[in-house]
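Geometric and topological summary
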Amino acid sequence: MNKRSFLKLSTAMLTGAALSPLSSCNNSKNETIEDTVIRNWAGNITYSTGNIFEPKSNDEARDIIKKCTKLRALGTRHCFNTIADSDANLISTRGFVHIGSIDPNTATISVGGGIRYGDLCTFLYEKGFALHNLASLPHISVAGAVATATHGSGVTNGNLSTAVDEIEILTGAGELKIFSKNVDPDEFAGAIVNLGSLGVATTVKLKLLPAFNVRQWVYLGLPMKQLEEHFDEIVAAGYSVSLFTDWQSENVNQVWIKKIAKEGEPSDAPSEFFGAKLADRDVHPIISVSAENCTPQMGVAGPWYERLPHFKMNFTPSSGEELQAEYFVPRDKAVEAIFAVAKNHKEELKSLLFITEIRTIAADDLWLSTAYGRDSVAIHFTLKQDTAGVAAFLPRLEDTLKPFDARPHWGKQFAMRPSELRSRYEKFDQFKALVAKYDPEGKFRNEFMDHVLSGA
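Conventions used here
Residue positions within a chain follow its written sequence, with the count starting from 1. Under the rules for a predicted model, residues below a pLDDT of 70 receive no local features and side-chain atom pairs below 80 are neither given nor counted, while totals for whole chains, interfaces and linings still include all residues. Each side-chain value is worked out from all heavy atoms of the structure, with water and hydrogens disregarded. Counting from the N terminus, the helices are the DSSP runs of H or I reaching at least four residues and the strands are the DSSP runs of E reaching at least two. To get the radius of gyration, use the C-alpha atoms; to get the globule rule, take the number of residues to the power 0.38 and multiply by 2.2 Å. Relative accessibility decides the category of a residue: with a 1.4 Å probe and only protein chains considered, values under 20% of the type maximum give buried, values over 50% give exposed, and everything between is partly exposed. Contacts were defined at the residue level, with two residues in contact if any of their heavy atoms lie within 4.5 Å. Counting of polar contacts relies on pairs of N or O atoms within 3.5 Å, with two restrictions inside protein: one atom must be capable of donating a hydrogen and the other of accepting it, and residues adjacent in sequence are counted only when both atoms are side-chain atoms. In this description, strands pair whenever DSSP reports at least two bridges between them. Axes here mean lines fitted to C-alpha atoms, for a helix over just the part in contact, with angles spanning 0 to 180 degrees between N-to-C directions. Here, a salt bridge means any side-chain nitrogen of Lys or Arg that lies within 4 Å of a carboxyl oxygen of Asp or Glu.

This next bit is on the overall build of the chain. Looking only at helices and strands, one finds 11 helices and 20 strands in the chain. Computed over C-alpha atoms, the radius of gyration of the chain comes to 21 Å, within 12% of the 23 Å expected from 2.2 N^0.38 for 456 residues, which places it in the range of a compact globule. The dimensions of the chain, computed from C-alpha atoms along their principal axes, are 65 × 50 × 40 Å. Within the span of the chain, comprising 456 residues, buried residues form 60% of the whole. Across the chain, contacts joining residues at least 24 apart in sequence account for 74% of those joining residues at least 6 apart.

This paragraph deals with the side chain of N133. Tracing the backbone through its elements, the reader meets N133 in the loop between strand 6 (129-130) and helix 4 (142-147). For N133, the side chain forms a polar contact with the main-chain oxygen of S153, separated by 2.7 Å. With residues near it in sequence (within four places) discarded, N133 still touches G152, S153, N157, L160 and L308.

For the rest of this paragraph, the subject is the pairing of strand 19 (residues 376-383). Among the 8 residues that make up strand 19, 8 are buried, leaving the element largely enclosed by the rest of the structure. Pairing geometry for strand 17 (residues 323-330) and strand 19, over 8 bridges, is antiparallel. By the bridge assignment, V329 is partnered in strand 19 with V377.

The next thing to look at is the sheet that holds strand 7 (residues 164-171). Across the sheet, 4 strands lie side by side as 5-9-7-8; this open sheet has antiparallel pairing. Two strands in the sheet have a free side with no partner beyond their single neighbour: strand 5 (108-112) and strand 8 (176-180). Across the sheet, the axes of successive neighbouring strands diverge by a mean angle of 20 degrees, strand direction being ignored. Taken together, the 5 bridges between strand 5 and strand 9 (residues 199-207) define a ladder with antiparallel strand orientation. Pairing of T108 across the sheet is with K207, part of strand 9. Most of the contacts of helix 2 (residues 58-67) go to strand 7, to which it runs at about 45 degrees, and overall it touches strand 7, strand 8 and strand 9.

Counting across every chain of the model gives 17 salt bridges. For R116, the salt bridge is made with D119, and the minimal N-O distance between the two is 3.2 Å. Residue K205 pairs with E166 through a salt bridge whose shortest N-O separation is 4.0 Å. Of the two residues, K205 is situated in strand 9 and E166 in strand 7; the sequence distance between them amounts to 39 residues.

Next up, the structure:
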């Protein structure tokens, strides 16, 4: 299968499809919550069925799984490709939003897989606890973020899936399987970043930290040349650091530095950071856009969950009319990869790009994590909804990044051939065996996953 064919599969704007008798379910209990056109958050994907279920309990979900021959779990619809699509049935996780009691002995909490981070975080902060990190958007669900290795930033911070201590999945056989790090660490490592292919994650147990406050500052105009000599110092300058660039000058547009706020510490910061100037007001990653939706900056201390994301929970950060692609390279190759992108793609990005964000992620041992086995740097592209332009650009970008063993984000757009994608993960064959074990009939397989697991 060539790059362009797989890109078409991973990004196509799909149309609704009628259910076949072999893949339909009996909805006599009125379990279907929608039967109209369903789109993802960005609007670039129209799901191939309007037949979507919303169970409220494991028993209800189990009944649906047993009745259906084909289905796919659906979270908050923030993926930019067809990984969550189905032409038969969708089973929503938004009925699984329960919050259990915090276990003070293990510092863990069990929550519903469909709960959004923004909703969970307020509860945790009130109880004096925190998660180790958050993504840019707090609007995404826990299970969806975990399944795709979604991440925040920080040289010592693993992606969001590394906070999982245990996960409960209703498998393709309709059986509840608990994957525990303490009981079977090997299967656990394979089951966490599962791409939705083992079943429906109904409950996730998360490891917690004591609550903490964070201050963030933004610096403008970091000379690109500083990355050559000081990259490690720059990305380690805070608990979480993000670089934003449009690739159109000799400078990185912005550096967002988020530091843990210590008692009695002043809120001011140095006026200069490796040649970049401290912003004198709150800013948006795209400087021409209002910062109203962004989390507070200027060193104002606030709860971890109101600073680690870039955008506020009670605001939509944009209309969603964008496309996203992201690639993860080893941290020791990051500077070379960044300069290769700048050299080869400056002109075409001028018309395609809103902004690029560069972040760090610590290595982990989860089989399909984009940071598996290596400290990583993510190069993220927020692109205009120019479907043809993006389709032409991504294969060229991937050719540029190929020498750096880039891994694409599972939930975003990419053009990489399935065989090449699988070669990036040394445990991929073991993952395929895990899928076959817990979903032997392929109930949770869709076209996207068929090609990822077995395509050429």
